[in-house]
Amino acid sequence: MQQAQAPTPALLPGASPSPEPAAGGVAGVAGQTPWFPAAHAPAVASLATAGVALAVLAGWALDLEPLKRIRPTWVAMNPVTALTFLAAAAALWLQRRPANLAPAGSRPAALAPLLAGLVAGVGAAKLGEHAGWLPPGLDQWLFASRLGDEPGLPRNEMAPNTAFAFLLTGLALLLLDRGARERTRPAEWLAAALALAALVALLGYAYQVPRMYGIGRFIPMAAHTALLFLLLALGLLCARPLLGTAALFLLEHPRCRIARRLLVGSVLLVAAAGWLRLHGERAGFYGMETGVTLYTASVIALFVLLMAGGARALSRADQAVRALNAELQASTEQLRQANRELEAFSYTISHDLRAPLRHIHGYARMLQEDAADRLDGDCRRWLDEIGEAARRMGALIDDLLAFSRLGRKPLERTRVDMAALAAQVAAELDDGGRVRIAPLPEAHADPALLRQVWVNLLSNALKYSAPRGAEARVEVEGERMDGRVRYRVRDNGVGFDMKYADKLFGVFQRLHTADEFEGTGVGLAIVQRIVARHGGTVSARAEPGRGAEFTFELPLPPDTAPEPAA
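Rules behind the numbers
Residues numbered from 1 in each chain as written. Predicted model: local features only at pLDDT ≥ 70, side-chain atom pairs only at ≥ 80, totals over all residues. Heavy atoms only, no water. Axes fitted to C-alpha atoms, helices over the stretch in contact; angles between N-to-C directions. Helix = DSSP H or I, 4+ residues; strand = E, 2+ residues; numbered from the N terminus. Parallel < 35°, antiparallel > 145°, perpendicular 65-115°, else oblique. Left-handed = near helix turned anticlockwise from the far one by under 90°. Contact = heavy atoms within 4.5 Å. Nonpolar A, V, L, I, M, F, W, Y, C, P; charged D, E, K, R; others polar. Buried < 20%, exposed > 50% of the residue type's maximum accessible area, 1.4 Å probe, protein only. Pairing = 2+ DSSP bridges. 1 Å grid on protein atoms, 1.4 Å probe; cavity = no way out; pocket = protein on both sides within 12 Å on 5 of 7 lines; lining within 4 Å. Points joined across faces, edges and corners; volume = space filled by probe spheres on them. Polar contact = N/O pair within 3.5 Å; in protein donor to acceptor, adjacent residues only side chain to side chain. pLDDT = per-residue confidence, 0-100. Salt bridge = Lys/Arg side-chain N within 4 Å of Asp/Glu carboxyl O. Patch = residues over 30% accessible without salt bridge, like charges linked within 9 Å, V, L, I, M, F, W, Y side chains within 5 Å. Areas by Shrake-Rupley, 256 points an atom, 1.4 Å probe, with all protein chains shown as cover.

1. A word on the packing of helix α3 (residues 79-94) against helix α5 (residues 160-174)
- In the contact formed by α3 and α5, the axes pass within 10 Å of each other and the chain directions differ by 20°. In terms of their interaxial angle, α3 and α5 are classed as roughly parallel. Crossing angle aside, the handedness with which α3 passes α5 is left-handed. Of the residues in α5, those in contact with Thr81, Thr84, Phe85, Ala88, Ala91 and Leu92 of α3 are Thr162, Phe166, Thr169 and Leu173.
- Its residues assigned to classes, the contact of α3 with α5 shows six nonpolar, four polar and no charged.

Next comes the structure, spelled out in structure tokens:
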């Protein structure tokens, strides 16, 4: 059977969900939107890494030096390094995830962990070779005859810092979803360490400091190897932008935008200041003392500029918040005015409309009692219809007043024994033993309002199952799950067609005529209003001639103990 969901209360006009990133950086709350480039960074990093790796392999296969190295005097990327990059790119591609649809516990493709383990294994094995624990040759089997052709350098192999970076990459890929519900995600720290190692190597090339991209007597890390590691690190950090510390930088939120500007600006500007200082000293424009002084002054100036830009951005955000607060205050005043008008309307209904209605009903009854013998059959029937119409009008007024008062009555939450409450209501409504109540979990809610929910649902179930006669059955059951309690009321009555279910929870909306079943069409609207005020939901499903099932869910208080294991 299909299921109809009661509508969720709408936001005030002009309001929009703009969630704040969690204090510890742990996100994942519905409504958060990742920064657009971050949502596509894993795919871009994967494709770019695979493209460069394939170009390097083509360079080794065709003996084209421009494809193997960036500059003629720089080291070439080892072909096994390029193959390992292909595996890493494939693993990241398979674990990429549309960030705005990211389910916290989704599984990557079955191949992704194997590829990630291969990347980590290659890095660990090569480190073992460099340490003398394993025999050499892991990276010498592909294009072996061409690996010793680099003048002035050792035989081409995977550098120790490259092997260590592959170990970090593989582990980060393996642990990408580990700690998704915690404040610390291991993959983030591994990716940050990888980014730092790659950045040090790239700065070493930019500053012409070989010790930054090479270790001792070993061959250094190639420049494009460092660049690909940086790309992979950024892809890993952006792969889960709603989770962990990455959420502080990668969400579409004013605070995150400021953090991104400060981070990118500080890295680029400080790197540029260091390059200018170093090359100025090498060119003889100034000595070391002057260079340090200029570098320090320029870094201070750059950070002042960055902070000033951040302050301006915060000021603009503060002005926007003030404007929104002013709009909210105006909307609140409009809402207060609407509530006052509603109270006046309720007073009018309860007094001004009830008085003429009482007169109509009273005079009709007096005519029936005092002049019945002088009236013919048609007149007596007309008086009966007048009295019945007045009675229905009174019931409509009562239900409308009850519905309007629901929004103003404060909630008085307490623990409610739902089994006892449902049984009490069933005993008042059912004298034929048609209601069967299973054990029900307790709720944390307003008992008076929940009593009204049970009255409306059970009376509906009994009313619409009455045509079954002695076979009429109403079943009530409940369960606890995922921090919520769920209750169901099921009957074997006339049911309804689900294509009309959108009318089910509206005021004065009915799926059956008054001649078939009495009622005002307000009962389910009251149920929906009460449950919504408790932060819950109501839904229904049915089939014509086979009965209906109404389900409502309520949240448990945060300190509720978990359900014991069966």
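2. Overview of the pairing of strand β6 (residues 484-491)
- Most of β6 is tucked away: six of the eight residues are buried.
- Strand direction decides the pairing type here: strand β5 (residues 474-481) and β6, joined by eight bridges, are antiparallel. When the bridges of β6 are listed, methionine 481 appears paired with arginine 484.
- Hairpin connection of β5 to β6: two residues between the antiparallel strands, including aspartate 482 at a positive phi of 50°.
- Pairing of β6 with strand β8 (residues 547-555) involves eight bridges; the strand directions are antiparallel. Bridge pairing in β8 links tyrosine 487 to phenylalanine 552.

3. Section: empty space enclosed by the protein
- The final tally for this structure, using the stated rule, is one cavity of 30 Å³ or more.
- Of the pockets and cavities examined, the largest cavity occupies roughly 70 Å³.
- Taken together, the residues that form the lining of the largest cavity break down as nine nonpolar, four polar and one charged.

4. Things to note about the side chain of histidine 224
- Tracing the backbone through its elements, the reader meets histidine 224 in helix α7 (residues 223-238).
- Here lysine 68 takes part through its backbone oxygen, which lies 2.8 Å from a polar atom of the side chain of histidine 224.
- Among all residues touching histidine 224, those that are not within four sequence positions of it are Val56, Lys68, Arg69, Ile70, Val75, Ala76 and Met77.

5. A short note on the confidence of the model for the protein
- Residues at a pLDDT of 70 or more form 79% of the protein, whose mean pLDDT is 78.
- Here strand β1 (residues 4-5) stands out as the element of the protein with the lowest mean pLDDT, 55, in contrast to α5, whose mean of 93 is the highest.
- Here residues 8-31 is a poorly scored stretch, pLDDT under 50, and it has 37 contacts once near neighbours within four places are set aside; other chains count.
- Note on residues 98-106: pLDDT is under 50 here. Beyond four places in sequence and across chains, it has 11 contacts.

6. Points about the layout of surface pockets
- Empty space within the largest pocket amounts to approximately 1100 Å³.
- Ala195, Leu234, Leu237, Leu263 and Val267 are the residues nearest the centre of the largest pocket, which is lined by 27 residues in total.
- Elements supplying a minimum of two residues to the lining of the largest pocket: α1 (36-62), α6 (186-207), α7, α8 (247-250) and α9 (254-282).
- Take the lining of the largest pocket: its biggest share by element is nine residues, from α6.

7. Digging into the pattern of salt bridges
- In the structure shown here, the tally under the stated rule is 21 salt bridges.
- For arginine 451, the salt bridge is made with glutamate 428, and the minimal N-O distance between the two is 2.6 Å. With arginine 451 in helix α13 (residues 447-465) and glutamate 428 in helix α12 (residues 418-429), the pair connects residues that are 23 residues apart, well separated along the chain.
- With its nearest N and O atoms 3.4 Å apart, the salt bridge here joins arginine 486 to glutamate 479.
- For glutamate 479, a relative accessible area of 30% gives the class partly exposed.
- In the salt-bridge network here, residues are joined through shared partners; they are Glu475, Glu477, Glu479, Arg484, Arg486, Arg488, Arg490, Arg541, Glu549 and Glu553.

8. As for unusual backbone geometry
- Positive phi, close to 55°, is recorded for aspartate 63, a residue that is not glycine.
- Take aspartate 63: it is sitting in the loop between α1 and α2 (65-68).
- Its identity is not glycine, yet glutamine 208 carries a phi of approximately 60°, on the positive side.
- Checked against the element boundaries, glutamine 208 lands in the loop between α6 and α7.

9. So, a nonpolar patch on the surface
- There is a patch of nonpolar side chains on the surface, built from Leu263, Val264, Val267 and Leu268 and spanning about 340 Å² of accessible area.
- By relative accessible area, which is 54% here, leucine 268 ends up exposed.

10. Section: the environment of tyrosine 487
- Its place among the elements puts tyrosine 487 in strand β6.
- Along the backbone, tyrosine 487 and leucine 440 are 47 residues apart, and their C-alpha atoms lie at a distance of 7.7 Å.
- In this structure tyrosine 487 touches Met418, Leu440, Pro441, Glu442, Ala443, Trp454, Glu477, Gly478, Phe550, Thr551, Phe552 and Leu554, once residues within four positions along its chain are discounted.

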